[in-house]
Amino acid sequence: MTGWRGRVLHVDLQRRRWRVESVDRAILRAVLGGRGLAGWLLASAPEPPLVFVAGPLTAGVLPMAGRAVIAAVSPLTGTVRHAPAGGRLAAALLRAGLDAVCLTGRADAPVTLHIGEGSVEFADAAPLQGLETSHRLNALRAPRRAVVCVGPAAEAGSPLGCLLQEHGRPVPGGGLGLAMAGRNLLAVTVDGRQPTAVHDPESLRRMRRVFLRLIHASPALAGASGIGRHGDGAFFDLFAARHLLLSPSPCASHAAAAEPLGALAYAAGIVPGHVGCTACPVPCGRTVHGQPLPDLAAMAGFSVRIGGGSRALAVRAFHRCLVLGLDAGEAAAAVADHLDAVGLSCPEDVVPELLEGLGRGEGLVSSPEAGMRVKGMALPCMDPRGAWGLALALAVGVQGPLPDACVVWHQEILRKPVPVDRFSWSGKARLVARGEDAAAVAQSLGVCSLALAALGMEELAQALAAVTGWNVSAGDLAAAGAALVEQDRRLHCAAGFDAAQDDLPPQCFEAPAGDGSIPPLDRRAFLEERAKYYRIRGWSASGCPAGAIANRPNKQGGRHA
Ligand code: SF4
């Protein structure tokens, strides 16, 4: 089989047994791989598994196409989470002869799973326990090996714990750390040497040139102010210029703006190193003296979001998050809620101490449901009041408020491929549906969703045809994307979620955003556009596909009727 391997490794952690099952090519065509295959595995298993999945375009030749997906029902939200993972994971899975690893059960003692070509080893993870993440990674690294491990926070039971990979970068999003640590699984390594067969190598080389040309022509990716030049912090300056950064109050927004906090300010006087995914021509991570500089979530989270802060604090806080294995965006939101609840306004002094508490699995004063959250997950650094398509996307996203799950913000903020008015509801329901479909396709094929600022379904279809020999069109891919969104929605509704959770925090409808210049959202218009979105999807007024039945109450206490 070209492109896909057609094989999924199933591991029962409780019984310490494993088997490899074939997956029919017709199923792989329908779900594509990556996020789509992850959703299919989640839907097929008797109990929700933790899955690691490669996409068919992730063999390492195409730029911005080396992303795996790690998925589970997130303990943070109670609903499905597909986290895009960089590093070597996708390529290593394919080299081990696998499209996916599906983990069920809970080990009776802490374990590390070493996966090779036709082999699975259950190793005692006791030596890793209590170590900081960098020491865990050092103990597990090997040439060409993919490593995914939890940090101390997840091991201590924190739902804000994230996963970390061999290059020291986090897999974005809280919840998955606990999804892994809760199985007594502290680390997974994947090794393999099998070459990946490609249907038409010459066409694939041509598509590589096409991808590179389009990526280099994208100002957001490769321009003078793009992420290739400044890392993903380049978006900080863009969002700040558009008053789009989420802050607790207009005063805090002004206070945080007192010191330059964006990527350009970080780079002043230093020459940052670059870190990113394999074969990415615009690597979005930055380091200095080998230490990672804050990513966008940390840069914005430990400054504007907490209503103060500085570059020095963001650097320290991000470093502690990595050491403790905390998701920086979620940790910053928890700190912001805490500061708000207790009325503290000196974040420089208290933030490090609060992070240590989160790393020990301790809760802060505010409840997880408090503050600017949707479905229990913190809003990203982008304020939904500043872009109304983004607002709808953050509300209806099945995984929680994730900008990379719907690329409508590319049109509203990056103004690509076609600019649309960010302060208008007109046509946003359809744009959100299309943006979700496109993101689902990209994440299923193994393509970074940021690449959609340069690439369209046409290029992705041609690349997929070159890799697999499947004569697929852009329209076929768009239809597959819609089906994958529905697949996730069925899981979501089965977990007890419905329209009641497809909402934004009350502040978004009651108070102005940013520096006070952006008014609150019109709730009636928001609800009308959300109803239109459900109709476009063919779902009921309660936001569920026909036949989707809740089989358990959701984490927010609701149940779909
Ligand atoms: S932009 Fe960043 S996340 Fe996307 S492929 Fe490049 S390095 Fe990876």
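Because the structure is predicted, anything quoted here is derived from the model rather than measured.

Reading the values: the criteria
- Residues numbered from 1 in each chain as written.
- Predicted model: local features only at pLDDT ≥ 70, side-chain atom pairs only at ≥ 80, totals over all residues.
- Heavy atoms only, no water.
- Disulfide = S-S within 2.5 Å.
- Helix = DSSP H or I, 4+ residues; strand = E, 2+ residues; numbered from the N terminus.
- Buried < 20%, exposed > 50% of the residue type's maximum accessible area, 1.4 Å probe, protein only.
- Near = heavy atom within 4 Å.
- Nonpolar A, V, L, I, M, F, W, Y, C, P; charged D, E, K, R; others polar.
- Salt bridge = Lys/Arg side-chain N within 4 Å of Asp/Glu carboxyl O.
- Pairing = 2+ DSSP bridges.
- Domains from an automatic or database assignment.
- Contact = heavy atoms within 4.5 Å.
- Buried area = accessible area lost by both parts, 1.4 Å probe.
- Polar contact = N/O pair within 3.5 Å; in protein donor to acceptor, adjacent residues only side chain to side chain.
- Axes fitted to C-alpha atoms, helices over the stretch in contact; angles between N-to-C directions.
- Core = buried A, V, L, I, M, F, W, Y, C linked by side-chain atoms within 4.5 Å.
- 1 Å grid on protein atoms, 1.4 Å probe; cavity = no way out; pocket = protein on both sides within 12 Å on 5 of 7 lines; lining within 4 Å.
- Points joined across faces, edges and corners; volume = space filled by probe spheres on them.

## Some remarks on the state of the cysteines
At step 1: Across all of its chains, the model carries one disulfide by this definition.
At step 2: Paired through a disulfide, Cys493 and Cys544 show a sulfur-sulfur distance of 2.2 Å. Its S-S torsion of approximately -95° makes the covalent link between Cys493 and Cys544 left-handed. Of the two residues, Cys493 is situated in helix α21 (residues 474-494) and Cys544 in the segment after α23 (523-537); the sequence distance between them amounts to 51 residues. Residues Cys493 and Cys544 agree in their burial class; the two are buried.

## Section: the site of the ligand
At step 1: Every residue near the ligand is listed here: Met64, Arg67, Ile227, Gly276, Cys277, Cys280, Val282, Pro283, Cys284, Cys448 and Leu450.
At step 2: When the residues that make up the shell around the ligand are grouped by side-chain class, the tally is nine nonpolar, one polar and one charged.

## Describing the pattern of salt bridges
At step 1: For the structure on display, the rule yields 20 salt bridges.
At step 2: Between Arg205 and Glu202 there is a salt bridge, and its shortest N-O distance comes to 3.2 Å. In this pair, Arg205 and Glu202 are both assigned in helix α7 (residues 201-216), three residues apart and thus about one turn of the helix distant.
At step 3: Residue Glu202 is classed as partly exposed on the basis of its relative accessible area, which comes to 44%.
At step 4: Here Glu486 and Arg490 are joined by a salt bridge, their closest N and O atoms 3.2 Å apart. One end of the pair, Glu486, and the other, Arg490, are both in helix α21, four residues apart, so they sit about a helical turn from each other.
At step 5: What makes Glu486 partly exposed here is its relative accessible area of 25%.
At step 6: Exposure remark for Arg490: the relative accessible area of 33% places this residue in the partly exposed category.
At step 7: Among the charged side chains, a salt-bridge network with shared partners connects Lys375, Arg489 and Asp502.

## A few points about the sheet that holds strand β7 (residues 111-116)
At step 1: Within the open sheet, the six strands sit side by side as β8-β7-β12-β9-β10-β11. Their pairing is mixed. Each of the sheet's edge strands pairs with one partner strand only, and the pair in question is β8 (119-124) and β11 (170-171).
At step 2: Pairing between β7 and strand β12 (residues 185-190): five bridges, direction parallel. Counterpart to His114 in the pairing with β12 is Thr189.

## Observations regarding helix α2 (residues 34-44)
At step 1: Where burial is concerned, most of α2 is hidden: eight out of the eleven residues are buried.
At step 2: The set of residues buried in α2 consists of Gly34, Arg35, Gly36, Leu37, Ala38, Gly39, Leu41 and Leu42.

## Points about the domain arrangement of the protein
At step 1: Assigned domains within the protein: domain 1 (7-190), domain 2 (232-374) and domain 3 (382-537).
At step 2: Contacts between the two partners involve 30 residues from domain 1 and, on the opposite side, 31 residues from domain 3.
At step 3: In this assembly, domain 1 packs against domain 3 so that about 2,500 Å² is buried in total across both faces, 62% of it on carbon and sulfur atoms.
At step 4: The largest contributions to the domain 1 side of the interface with domain 3 come from Leu32, Arg35 and Leu57, which together make up 29% of the buried area.
At step 5: At the surface where domain 1 touches domain 3, the tally comes to one salt bridge.
At step 6: At the junction of domain 1 and domain 3, the tally comes to 15 residue pairs in polar contact (both at pLDDT 80 or more).
At step 7: Those elements that provide at least two residues to the side of domain 1 that touches domain 3 are α1 (25-31), α2 and β5 (80-85).
At step 8: Among the elements that line the side of domain 1 that touches domain 3, the one with the most residues is α2, at seven residues.
At step 9: In the side of domain 1 that touches domain 3, the residues fall into 14 nonpolar, eleven polar and five charged.

## A short note on the sheet that holds strand β1 (residues 7-12)
At step 1: Read across the sheet, six strands follow the order β2-β1-β6-β3-β4-β5 without closing on themselves; strand pairing throughout is mixed. Each of the sheet's edge strands pairs with one partner strand only, and the pair in question is β2 (17-22) and β5. Between one strand axis and the next, the sheet turns through 15° on average, direction left out of account.
At step 2: Here β1 pairs with β2 via six bridges, running antiparallel. In the strand pairing of β2, His10 is matched with Arg19.

## Quick word on the nonpolar core
At step 1: Counting 190 residues, the largest nonpolar core has Phe52, Phe302 and Leu504 as its most contacted members.
At step 2: Broken down by element, this core gets its largest block of residues, ten residues, from helix α19 (residues 428-445).

## Describing empty space enclosed by the protein
At step 1: Applying the stated criterion across every chain yields a total of four cavities of 30 Å³ or more.
At step 2: In this model, the largest cavity occupies a volume close to 130 Å³.
At step 3: What lines the largest cavity is a set of 15 residues, and nearest its centre among them are Arg35, Gly397, Val398, Ala405 and Glu436.
At step 4: Mapped by element, the contributors of at least two residues to the lining of the largest cavity are α17 (388-396) and α21.

## Structural notes on the pairing of strand β4 (residues 68-73)
At step 1: Counting buried positions along β4 yields five of six residues, so the element is predominantly enclosed.
At step 2: Sheet topology note: the β4/β5 ladder contains six bridges and is antiparallel. Opposite Ile70, over in β5, you have Ala83 as the bridge partner.
At step 3: Between the end of β4 and the start of β5, which pair antiparallel, lie six residues, with Gly78 showing a positive phi angle near 80°.

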